[in-house]
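# Summary of the model geometry
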Amino acid sequence: MENKKMNLLMFSGEYDKAMAALILANSAREMDVDVTMFFAFWGLCLLREPEKVTMDNKTIHEKMLNSMTPKGAEDLPLSKMNFSGIGKEMMLEMIEDNKAPRLIDFLNGARKKGVKFCGCKLSMEIMGFTKEELIQELQVIDAKSYLKDALEADMQLFI
Amino acid sequence: MENKKMNLLMFSGEYDKAMAALILANSAREMDVDVTMFFAFWGLCLLREPEKVTMDNKTIHEKMLNSMTPKGAEDLPLSKMNFSGIGKEMMLEMIEDNKAPRLIDFLNGARKKGVKFCGCKLSMEIMGFTKEELIQELQVIDAKSYLKDALEADMQLFI
Amino acid sequence: MENKKMNLLMFSGEYDKAMAALILANSAREMDVDVTMFFAFWGLCLLREPEKVTMDNKTIHEKMLNSMTPKGAEDLPLSKMNFSGIGKEMMLEMIEDNKAPRLIDFLNGARKKGVKFCGCKLSMEIMGFTKEELIQELQVIDAKSYLKDALEADMQLFI
């Protein structure tokens, strides 16, 4: 399906939803569909590089929020049944039982396959995440640039 | 609105969201709109037939997850205000006060009206749900088949 | 981008998701894109006018649900990290640190810019919200009218 285009707005920052989104993104790229993922609010947590997270030059609120939020793909919580992490451990073991890849593998797959990663400028400012702390191919754009891309796409999802 | 097509990705498995989705699916069919519902992850819980749920031939993780998750439409929790079930009881009584149908009625309506029900193959494997435990008209498909359908539709929602 | 059209189904009634949606709605209007927002279930809480909320002529269930649900935009909870309100206070202070407007400002902006506000008739009946308690430009419509609008739009999101 060449010349088709999918746009995903990544809002929630939850392990299982991000898994669903990245499976769609990888599959779409394998079908030659153009894919843009736009990360806003909690969705940005997926793109943090744990070893690059820093508290330098941040306000007290930013420091608090930055330390309380997940640091990268494998640190995201489940949207349900989290049970202080028991649900997620179980889910990860079930993924392993089925020899299915983990979230970080799907993220790296999407990066290799040419998914376009965009981050919401305003969200990054409010949450205090800097470009340097997130995956390097991220383009920082505003809501209007997202809309231009989404309105031209053949499908859009809010995840 | 003939020749129009709607595709709903059912991810969350919550009573109120499933209600919204099935009201849309029923209404769309009454307008001669083509409807595909694709169930992934928690969304699959809606399609479990309580009397067919079995623990035979399942791994220990599958048994745990299968017994901890809702068994069919009327067993789904609310997305909010669940308060150990009080919120849902109240919502159900309000639905009854208004002589509005319950979720299971909307599900059966959608089945009769020709909504296409598809289940995500990978999700079923990871969660350990077998085809025999779910409603019989379910077609098991992969992410690429979902994308083919969704990219040709006039609207797509992630619910 | 004239002649383009966006349709947002507002289901969740959470501060951060409503913020994302209203930022998109305002930005789209500034680009001359047509915008319809359709409020269903918890989404309706955003449009309640706190000073017009009344318990007159309501059933006991409606009174309970009406007093337990958020009364207007600034009363909505965060979708995550709510921590009995601490997370939201912090988020509001971070928004202030960045001189970004609050949710109520984005709502009023959308009203001034000509976003079309529609409320789901069935949801209003079930939840016991009357037209008089919600913002005055709200049009009350049914699921089929929503579908007609959404199926003709260039993008649709379920938020």
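Further up the page is the structure itself.
For the structure given in this document, a descriptive report is provided here. Just so we're clear, the structure is a prediction, and the values are computed from it rather than from any experiment. (Residues numbered from 1 in each chain as written. Chains lettered and ligands numbered in written order. Predicted model: local features only at pLDDT ≥ 70, side-chain atom pairs only at ≥ 80, totals over all residues.)

The next subject is the interface of chain B and chain A. Chain B puts 22 residues into the contact, and the matching count from chain A is 25 residues. Put simply, the parts of the chain that give the side of chain B that touches chain A at least two residues each are α2 (60-68), α5 (121-127), α6 (143-152) and β5 (155-158) of chain B. With six residues, the single largest contributor to the side of chain B that touches chain A is α6(B). Split into classes, the residues belonging to the side of chain B that touches chain A amount to 15 nonpolar, three polar and four charged. (Contact = placed C-beta atoms within 7 Å. Helix = DSSP H or I, 4+ residues; strand = E, 2+ residues; numbered from the N terminus. Nonpolar A, V, L, I, M, F, W, Y, C, P; charged D, E, K, R; others polar.)

All names here are of chain A. Taken together, the five strands give an open sheet; going across it, the order is β4-β3-β2-β1-β5, and neighbouring strands pair in parallel fashion. The sheet terminates laterally at β4 (139-141) and β5 (155-158), the two strands that pair on one side only. Strand-to-strand, the axes of this sheet are offset by a mean angle of 25°, without reference to chain direction. Pairing between strand β3 (residues 116-120) and β4: three bridges, direction parallel. Each bridged residue has a counterpart across the sheet, and for cysteine 120 the counterpart in β4 is isoleucine 141. (Pairing = 2+ DSSP bridges. Axes fitted to C-alpha atoms, helices over the stretch in contact; angles between N-to-C directions.)

The partner chain A presents 22 residues to the 25 residues of chain C that form the contact. Mapped onto the side of chain C that touches chain A, the elements with two or more residues apiece are α1 (15-30), α3 (86-97) and β5 (155-158) of chain C. Among the elements that take part in the side of chain C that touches chain A, α1(C) stands out by supplying seven residues, more than any other. By residue class, the composition of the side of chain C that touches chain A is 16 nonpolar, two polar and seven charged.

It is worth spelling out the relation of the copies chain C and chain A at this point. Structural alignment of chain C on chain A gives an RMSD of 0.0 Å, achieved by rotating through 120° and translating 0.0 Å along the axis. With respect to symmetry, the two chain copies, as superposed, fit the operation of a three-fold axis. The share of interface residues of chain C whose copies in chain A are also at the interface is only 4%, consistent with the copies meeting through different surfaces. (Least-squares fit on C-alpha atoms with pLDDT ≥ 70 in both.)

The next subject is the pairing of strand β2 (residues 34-39) of chain B. All names here are of chain B. Of all the six residues making up β2, six are buried; the element is thus mostly covered by neighbouring parts of the structure. By the alternation rule, side chains of β2 split into Asp34, Thr36 and Phe38 and Val35, Met37 and Phe39, which are all buried. Here strand β1 (residues 5-10) runs beside β2; their pairing, made up of six bridges, is parallel. Note that in β2 the partner of leucine 9 across the bridge is phenylalanine 38. At this point the chain moves from β1, through helix α1 (residues 15-30), to the parallel β2, and the crossover so formed is right-handed. Across four bridges, the pairing between β2 and strand β3 (residues 116-120) is parallel. (Buried ≥ 20, exposed ≤ 12 C-beta atoms within 10 Å, placed from the backbone. Right-handed = clockwise from strand over helix to strand, strands pointing away.)

The next thing to look at is the sheet that holds β5(C). All names here are of chain C. With parallel pairing, five strands are arranged side by side in an open sheet as β4-β3-β2-β1-β5. A strand with exactly one partner marks an edge of an open sheet, and here the two such strands are β4 (139-141) and β5. Here the average twist between neighbouring strands, direction ignored, is 25°. Lying on the sheet, helix α6 (residues 143-152) is in contact with β1 (5-10), β2 (34-39), β3 (116-120), β4 and β5; it crosses β1 at an angle near 140°.

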